[in-house]
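# Summary of structural features
Here are the chains, one letter per residue:
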Protein chains: 2
Amino acid sequence: MIGAAPDWGVYLVTDTAQCGGPQAVARTVVAARSAGVGAVQLRDPDANTRELAALGRALLAALSGAGIPLIVNDRVDVALAIGADGAHVGQRDLDPVDARRLLGPDRHLGLSVETVDQARAAGRLPPGTVNLLGVGPIRATASKPDAAPATGWDGFARICAATSIPCVAIGRVTAADAGQVRAAGGVGMAVISAICGQPDPAEATRRLRRAWRDAAGETVER
Amino acid sequence: MIGAAPDWGVYLVTDTAQCGGPQAVARTVVAARSAGVGAVQLRDPDANTRELAALGRALLAALSGAGIPLIVNDRVDVALAIGADGAHVGQRDLDPVDARRLLGPDRHLGLSVETVDQARAAGRLPPGTVNLLGVGPIRATASKPDAAPATGWDGFARICAATSIPCVAIGRVTAADAGQVRAAGGVGMAVISAICGQPDPAEATRRLRRAWRDAAGETVER
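These remarks concern the structure in this document.

Conventions we followed
Sequence order sets the numbering: in each chain, residues are counted from 1 along the sequence as written. In the order they appear in the text, chains get letters beginning with A and ligands get numbers beginning with 1. Local features in this predicted model are restricted to residues of pLDDT 70 or higher, and side-chain atom pairs are both shown and tallied only at a pLDDT of 80 or more, whereas totals for entire chains, interfaces and linings draw on every residue. Only heavy atoms go into the side-chain values, all of them from the structure, while hydrogens and water stay out. Only heavy atoms matter for contacts: two residues are in contact if any of them lie within 4.5 Å across the pair. Reported buried area values correspond to the accessible surface (1.4 Å probe) lost by two parts on association, with both partners' losses combined. Any carboxyl oxygen of Asp or Glu that lies within 4 Å of a side-chain nitrogen of Lys or Arg is treated as forming a salt bridge with it. Segments assigned H or I by DSSP are reported as helices when at least four residues long, segments assigned E as strands when at least two residues long, and all are numbered from the N terminus. Any two strands with at least two DSSP bridges between them are considered paired. Simply put, an axis is a line fit to the C-alpha atoms, just over the touching stretch for a helix, and the angle between two N-to-C directions goes from 0 to 180 degrees. The least-squares superposition of copies is restricted to C-alpha atoms, and to residues with a pLDDT of at least 70 in both copies.

### Considerations on the interface of chain A and chain B
Contacts between the two partners involve 22 residues from chain A and, on the opposite side, 22 residues from chain B. When the area that chain A buries against chain B is broken down by residue, the three leading residues are Arg 50, Asp 77 and Leu 94 of chain A, summing to 31%. Counting across the interface, chain A meets chain B through four salt bridges. Here Asp 74 of chain B and Arg 75 of chain A are joined by a salt bridge, their closest N and O atoms 3.4 Å apart. Those elements giving two or more residues to the side of chain A that touches chain B turn out to be helix H3 (49–63), helix H4 (76–82) and helix H5 (96–103) of chain A. Per element, the largest residue contribution to the side of chain A that touches chain B is five residues, and it comes from H4 of chain A.

### Looking at the sheet that holds strand S1 (residues 10–13) of chain B
Residue and element names in this part refer to chain B. Ordered by their spatial adjacency, eight strands build a closed barrel running S1-S2-S3-S4-S5-S6-S7-S8, and the pairing between neighbours is parallel. Ignoring strand direction, the axes of neighbouring strands in this sheet form an average angle of 25°. Relative to strand S8 (residues 188–191), strand S7 (residues 167–170) runs parallel, the two being bridged by three bridges. Across the sheet, Ile 170 pairs through a bridge with Ala 190, a residue of S8. Each of strand S5 (108–113), strand S6 (132–135) and S7 is contacted by helix H7 (residues 152–161), which is oriented at about 160° to S7, the strand it contacts most. The strands touched by helix H9 (residues 201–215) within the sheet are S1 and S8, with S8 carrying the most contacts at an inclination of about 160°.

### Overview of the relation of the copies chain A and chain B
For the pair chain A and chain B, the relating rotation is 180°, the translation along its axis is 0.0 Å, and the fit reaches an RMSD of 0.0 Å. Such a combination of turn and shift is consistent with a two-fold rotation axis. Nearest to the rotation axis, the C-alpha of Asp 77 of chain A is located 2.4 Å from it, this being the minimum over chain A. Comparing interface residues between copies, 100% of those in chain A also sit at the interface in chain B, which points to an isologous, same-surface contact.

Put into structure tokens, the structure is as follows:
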């Protein structure tokens, strides 16, 4: 089975163009690593496979020893080839059952869901198939031009309520949304533009982490 | 180790657009199956992963029991998920060593090479990594707009001579080229447009098969 659950509170999904190129993605991950990021997803649908694997290896090196999982979007083969901690598939990617079979029981597998029906379908998968749902887009987003209609916070809450699989919110989520995510039962904020391309990605990550803690009524650490 | 070598003589590489859609790809493979095709490669860089896996499963069904291997281009994860007979990677896809590790020892792994240097590099891989080279493009081709400069037949012969790994020619190859391929030491003709989208894909396949046999001085079967 999958080991200790990561802290999905601040879950960075990389965007190579928004960061400013592959080297800037690695620098962004290094900055986020020491600023409270809980998990990182490598997403670069425009890269060829060789480039994606190289970037993935650079991010694994950047995260080495930090206990922060690296998840690869769509490409289960790349996740396995580079020894990543898991994969994330969308509704148009590999079937989650196939992906879980290839990944084995010990890696993370996330699934994007856009509707209550998709969340319920995820709940009917064999236990242990998927251990995280990426729910959204909360707001319409330019990062994924082929994305489904925005769910809004009501839609996010309905999806969280429809499944026992932990849900993170994605789609132009910012630090100001931490309370909404927590109130709906979400376990974290998956962010792209709130970190990628920000003038100070470390400070942007700290801001998200503080907001996530504050929303739980925890003591804010600095 | 990999079992009996397939007959790569007529190696169909599918093009969904040229065939006229996914269902037409399956019909083309059915037609080619009974007309002498030796191997089929599923190639559809425009499909999403879910579509590619579905098409791959349809082609596996179409080839069931025929002893004709199905090879998946680029996506090693899809090859494994659907139980295909192998994968084919290009210079910008997964590293062949990574791909072989994921595929295990029993599946086919092909590699595209465009130059003598790439063929020599393939020869320096651990034994058994790659068991076929796709060499080309022999002629400039519209199917792969990002392809390298055409090798021509002299270039193909030099590449064949630079490696002990079996080589097939690809890139607007037609039945009329069978003699050139054999003379250069090639083990087959990888074709897209010579079958996909032809008015009679079965007859087109038979023509290629006859030409391939004729070029070896064998008796022509009809």
